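Summary of structural features
Residue-level listing of the chains:
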Amino acid sequence: MVRPVRFSPRDYDVDPRTGFFPSEPLPRLPEPYEAWEDTFEAARSVVTLRTDESEDAVRKRAQGERWRESVRRMAVQTTGKLRGDIRWLQRAHMVLASIMHFYVHSLPATEPNVIPKAVAIPLVDVSKALAMAPVLTFADTVLWNWEFIDPTKPLSVDNMRYVNNFSGTEAENNFYLSSAAVELKGVEMLEIFERFMNLRHVTEARLVEIIGGDLTRLSKTVGELTKILNSMKESVDPPTFYFSVRPWWAGSTSDPSRPWVMEGVSGSSAMDLGGASAGQSSVMHALDIFLDIDHKLQTKRVPAPTPNNRQADRGFMERMRRYMPGLHREYLEHLRSVREVVSQHPSLKGPYNDAVMALKCLRDDHIKIVALYVVTKSNATPPPQFRKLSEGDVARPAGPARGTGGSEVSTLLKAGRDATQRALLKEN
Ligand code: HEM
């Protein structure tokens, strides 16, 4: 139980107050990267989804083409000047990955998905430096895409404003804010994990007392995360989310017939280009690790996995970690589960099982949310204002509804929920 080195989240770019968020908004990039910042900013007012045939989008078509032309003409910059500062690297990832998604999703369907070299080459470079996928990720949309409303006050959901909004909708803004609320609430869990990792030189009785109290607190926090998730039903409009917002986050895997090619970079087809998903939230992965949720079905537990559980994409969660900043992934790699300690102390099984059940309930509600926002929409007739938008939309391939990472959503999420339940420990 005693570990020689103190586990300090700061070593993994995890802030004690803001968790996986940087404690301050990322700084604007210096010269010679101003052109990236300007191009990124310009996209927001002129670039629309290629399938959007609303009056406004049609009016902007020519401007959008000029914007894409400006991306093709941009000079290729080396990234050396960014290397000394992780915040610049993160900002560069966010800016370049966002430009890439603005570019690809606005291209006419007749043009191949070739990412111009002025974006592709530095994006691959900064992604290597950050040890993360060269595509839009949860970090780019939620963790690195905000500014303070009042910079003299600390970070909170009420004191942050999201800057880039691909669709320009309230639904997108509110999705980011709810995800931020989960991340910030999750800081309470990170404190619990840190305390567990650094438990040393305490009596058995004290150990049981601390872990028991923390597991009870954890159940409460997970219950609050579930409330935040459910509150999205009031703030995020389902058809807007499905038809206007989600297509922007999609990566190369959602439409295998139109692979993305990174100009000037070799091996695009082997890169992680799946797109952004809240499945990349490190807070949620940390919770899984702490409770020892076996998504890969590696341990014999009861009840045995169903045939559907076995068919699910068991590597999904592990793959999602490659979309996280490398340091956050390292944090997860160092985190240990409480389950083994609990199994040695009968009085901890109750509080542990309560925390597992709280997470199972969160996943039950998440499945319902996904049914409302994705599964039912994938086969539904779109409402009139989205009718044209949905034709040939990459978010509507034939077959079962798929996630942004191309996974079969329902099977995947139910397998995750069942794997959670399987962590329960027998209490007598
Ligand atoms: C309108 C709200 C939401 C919708 C429609 C939604 C949709 C989805 C979908 C379709 C997936 C499957 C994988 C993928 O597409 O990449 C997924 C997975 C996931 N989502 Fe959400 N999501 C929502 C909110 C959230 C929030 C707020 C969080 C927490 C930060 C979250 C955490 C996760 C996690 C951790 C996974 C991985 C699978 C699992 O752990 O069960 N989601 N979500």
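The name that an unreviewed UniProt entry assigns to the protein is Indoleamine 2,3-dioxygenase, with the source organism given as Wolfiporia cocos. Within the UniProt record for the protein, the comment given under Sequence similarities (unreviewed entry) is "Belongs to the indoleamine 2,3-dioxygenase family."

Before going further, it helps to spend a moment on the coordination of the iron atom of the ligand. Coordination of the iron atom of the ligand by the protein involves just one donor, H366 (NE2), at a distance of 2.1 Å. Structurally, the position occupied by H366 is in helix α15 (residues 346–379).

It is worth spelling out the UniProt feature "binding site: heme b" (unreviewed entry) in the protein at this point. Here, UniProt's "binding site: heme b" (unreviewed entry) annotation points to H366. The class of H366 is partly exposed, set by a relative accessible area of 29%. Residues in contact with H366, not counting those within four places in the same chain, are L229 and L413.

On to unusual backbone geometry. Here the residue pair E31 and P32 is connected by a cis peptide bond, since its omega of 5° sits within 30 degrees of zero. Of note, the bond from V302 into P303 is cis; its omega dihedral lies within 30 degrees of zero at -10°. Residue placement: P303 occurs in the loop between α10 (282–291) and α11 (307–311). Backbone geometry at H201 places phi at a positive 50°, although glycine is not the residue there. Mapped onto the fold, H201 is located in the loop between α7 (187–197) and α8 (204–235). For H201, a relative accessible area of 71% translates into the label exposed.

Tracing the backbone through its elements, the reader meets I369 in helix α15. The buried category is assigned to I369, whose relative accessible area is 8%. With 268 residues separating them in the primary sequence, I369 and H101 have C-alpha atoms 25 Å apart. When residues no more than four places from it in sequence are discounted, the contact partners of I369 are L229, N230 and K233.

Glancing now at empty space enclosed by the protein. Going through the model one piece at a time under the given rule, you end up with 6 cavities of 30 Å³ or more. Its boundaries defined by the atoms lining it, the largest cavity holds a volume of some 1,100 Å³. Its residues assigned to classes, the lining of the largest cavity comprises 29 nonpolar, 14 polar and 5 charged.

Here we take up the side chain of N173. Summarising the element assignment, N173 is placed in helix α6 (residues 170–185). We classify N173 as buried; its relative accessible area is 17%. Here N173 is in contact with Y162 and N165, once residues within four sequence places are set aside.

Before going further, it helps to spend a moment on the pattern of salt bridges. If you walk through the whole model with that rule in mind, you get 31 salt bridges. A salt bridge links R68 to E65, with the nearest nitrogen and oxygen atoms 2.9 Å apart. Within this pair, R68 and its partner E65 are both found in helix α2 (residues 55–73), separated by 3 residues, close to a single helical turn. On the basis of relative accessible area, R68 is assigned to the buried category, the value being 6%. Through salt bridges with shared partners, a single ionic network connects R28, E34, E37, D38, E41 and R91.

Glancing now at the environment of I121. In this fold, I121 is placed in helix α4 (residues 117–130). Separated by 44 residues in the primary sequence, I121 and Q77 place their C-alpha atoms 8.4 Å from one another. The contacts of I121, once residues within four sequence positions are left out, are V76, E263, G264 and V265.

A few words on helix α9 (residues 238–249). Quick reminder: α-helices carry 3.6 residues per turn. Residues three or four places apart thus point the same way. With 12 residues, α9 extends 16 Å between its outermost C-alpha atoms, agreeing within 8% with the 16 Å of an ideal straight helix rising 1.5 Å per residue. Across the 12 residues that make up α9, a large majority, 12, are buried. Residues P238, P239, T240, F241, Y242, F243, S244, V245, R246, P247, W248 and W249 constitute the buried set of α9.

Here the focus is the packing of α10 against helix α13 (residues 326–334). A pair of packed helices is characterised by two quantities: the angle between their axes and the separation of those axes. Taken N-terminus to C-terminus, the directions of α10 and α13 make an angle of 10°; their axes are 9 Å apart at the nearest point. It follows that α10 is roughly parallel to α13 by the angle criterion. The crossing of α10 and α13 is right-handed. Taken together, the residues of α13 that come into contact with α10 (itself represented by S282, H285, A286 and I289) are H328, Y331 and L332.

Cut-offs applied
- Residues numbered from 1 in each chain as written.
- Predicted model: local features only at pLDDT ≥ 70, side-chain atom pairs only at ≥ 80, totals over all residues.
- Heavy atoms only, no water.
- UniProt positions renumbered as here; feature names shortened; annotations may be inferred.
- Donors = N, O, S within 2.8 Å, 3.2 Å for Na, K, Ca; no water.
- Helix = DSSP H or I, 4+ residues; strand = E, 2+ residues; numbered from the N terminus.
- Buried < 20%, exposed > 50% of the residue type's maximum accessible area, 1.4 Å probe, protein only.
- Contact = heavy atoms within 4.5 Å.
- 1 Å grid on protein atoms, 1.4 Å probe; cavity = no way out; pocket = protein on both sides within 12 Å on 5 of 7 lines; lining within 4 Å.
- Points joined across faces, edges and corners; volume = space filled by probe spheres on them.
- Nonpolar A, V, L, I, M, F, W, Y, C, P; charged D, E, K, R; others polar.
- Salt bridge = Lys/Arg side-chain N within 4 Å of Asp/Glu carboxyl O.
- Expected span 1.5 Å × (residues − 1).
- Axes fitted to C-alpha atoms, helices over the stretch in contact; angles between N-to-C directions.
- Parallel < 35°, antiparallel > 145°, perpendicular 65-115°, else oblique.
- Left-handed = near helix turned anticlockwise from the far one by under 90°.

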